[in-house]
Amino acid sequence: MRGIRLFLCFVFLALTATVATATGTTPLWLVTPRISPDGSQIAFAYKGVLYVVAAQGGQARALTTGHAYAAHPVWSPDGKQIAFASDQFGNFDIFLINTDGTDLRRITILSTTEIPQSFTPAGDSIVYAGMYLGSHKSAAFVGGWNNPLYRVATTGGAETLHLPVPAQNVSYAPDGKSFLFEQRTSVENEFRKHHTSSASRDIWLYDPTTQSLSCLVKRPGEDRCPRFAPDGKSFYFLSEREGGSFNVYEQPLNGSNPTAITHFEKLPVRSLSVANNGKLCFVYDGEIYTTRKGET
């Protein structure tokens, strides 16, 4: 396991700060990191600016300028584009940008919050959580926490209801036929530690072809951020168990007991993502880490 050593290039301030400066300070609270499909790069946000850095560390390139808050990056399947959320026009809209920083486009234009969750396997659409209903005939209640899933083309246009349940952290199977998600069933703050109740988050699997839902992890504690393993036979997720902090676990799709991958004791692991080569990426104590199954 290794922490990412990087340089942050603040274009709008025309200066560079290292992870370890002469004064001993380090840039902490790098948030919402997401590793690229090939495992070579990591996109993340720092103080509302979106960056990309090599997975082994080094100089990070700013993709946004900082005049608006940007976060929640997701990579296209080919690794050439990043969708992200920005409040440039007031509420969070979804934007799309090439990984070299060119061709920035606004994708959603509605007057509520939209947070990207994933690209579709074909890479032609973005799946996102939105705070509205897809039909006036629906009897569902939608608030700031129970957002259904929608899909919008990368070229923009009208949205399509993708899954009418409160879902977050979507992860498509390698064959593209199903996806995992974390179901949020209450207003409980996601940063609360050791929450135990019937309203804690569970992990589900959805098959769009058969429109079938399967609950894979359900218990009184918190289980979040499911990510398919590259072979599609198991998945990784974040969980608080046995009174401990959030750590990374792996569980086979057949329902066998999960196995701990990380063993942090003091603080929670956040923002898990997995590359096609099996490299895991997450945040711990405000810094970005990478590891693989079996590494320490």
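Going by the structure above, here's the rest.
Residues numbered from 1 in each chain as written. Predicted model: local features only at pLDDT ≥ 70, side-chain atom pairs only at ≥ 80, totals over all residues. Heavy atoms only, no water.

Draft legend 1. Main features of the nonpolar core. The biggest cluster of nonpolar side chains holds 16 residues, and the ones touching the most others in it are Tyr-236, Val-248, Leu-272 and Phe-282. Secondary structure elements with two or more residues in this core: β21 (234–239), β24 (269–274) and β25 (280–284). Counting residues in each nonpolar core, the second largest holds 14 residues, with Leu-30, Ile-42, Ala-60 and Val-283 among its members. (Core = buried A, V, L, I, M, F, W, Y, C linked by side-chain atoms within 4.5 Å. Buried < 20%, exposed > 50% of the residue type's maximum accessible area, 1.4 Å probe, protein only. Helix = DSSP H or I, 4+ residues; strand = E, 2+ residues; numbered from the N terminus.)

Draft legend 2. Spotlight on the sheet that holds strand β14 (residues 149–153). Strand order across the open sheet formed by four strands is β12-β13-β14-β15, with antiparallel pairing between neighbours. The open sheet has two edge strands, β12 (114–119) and β15 (160–163), and neither has a second partner. Strand-to-strand, the axes of this sheet are offset by a mean angle of 40 degrees, without reference to chain direction. Relative to strand β13 (residues 125–130), β12 runs antiparallel, the two being bridged by five bridges. Its bridge partner lying in β13, Phe-119 is registered against Ile-126. (Pairing = 2+ DSSP bridges. Axes fitted to C-alpha atoms, helices over the stretch in contact; angles between N-to-C directions.)

Draft legend 3. Focus on the pairing of strand β4 (residues 31–35). Of all five residues that make up β4, four are buried, and the element is covered over most of its length. Of the strand pairs in this sheet, β4 and strand β5 (residues 41–46) are connected by three bridges, and their pairing is antiparallel. Residue pairing across strands places Ile-35 opposite Ile-42, the latter belonging to β5.

Draft legend 4. Geometry of unusual backbone geometry. With a phi angle near 55 degrees, Gln-211 is a residue other than glycine that sits in the positive phi range. Tracing the backbone through its elements, the reader meets Gln-211 in the loop between β18 (202–207) and β19 (212–217). Overall, the relative accessible area of 64% leaves Gln-211 in the exposed class. One non-glycine residue, Asp-285, adopts positive backbone phi at about 55 degrees. Assessed through its relative accessible area of 37%, Asp-285 is described here as partly exposed.

Draft legend 5. Expanded view of the packing of aromatic side chains. Inspection of every chain in the model, using the stated rule, returns 15 aromatic pairs. Both rings, one in Tyr-69 and one in Phe-92, keep their centres 6.2 Å apart while their planes meet at 75 degrees; by these two values the pair is edge-to-face. A residue pair is termed long-range when its members are at least 10 positions apart, and Tyr-69 in the loop between β7 (58–62) and β8 (70–75) and Phe-92 in strand β10 (residues 91–98) qualify at 23 residues. Under the relative-accessibility criterion, Phe-92 is labelled partly exposed at 22%. Both rings, one in Phe-264 and one in Tyr-289, keep their centres 6.1 Å apart while their planes meet at 70 degrees; by these two values the pair is edge-to-face. Residue Phe-264 is located in the loop between β23 (259–260) and β24, and its partner Tyr-289 is located in strand β26 (residues 287–291); the two are separated by 25 residues in the primary sequence. Residue Phe-264 is classed as buried on the basis of its relative accessible area of 16%. (Phe/Tyr/Trp six-rings, centres within 6.5 Å; stacked < 30°, edge-to-face > 60°.)

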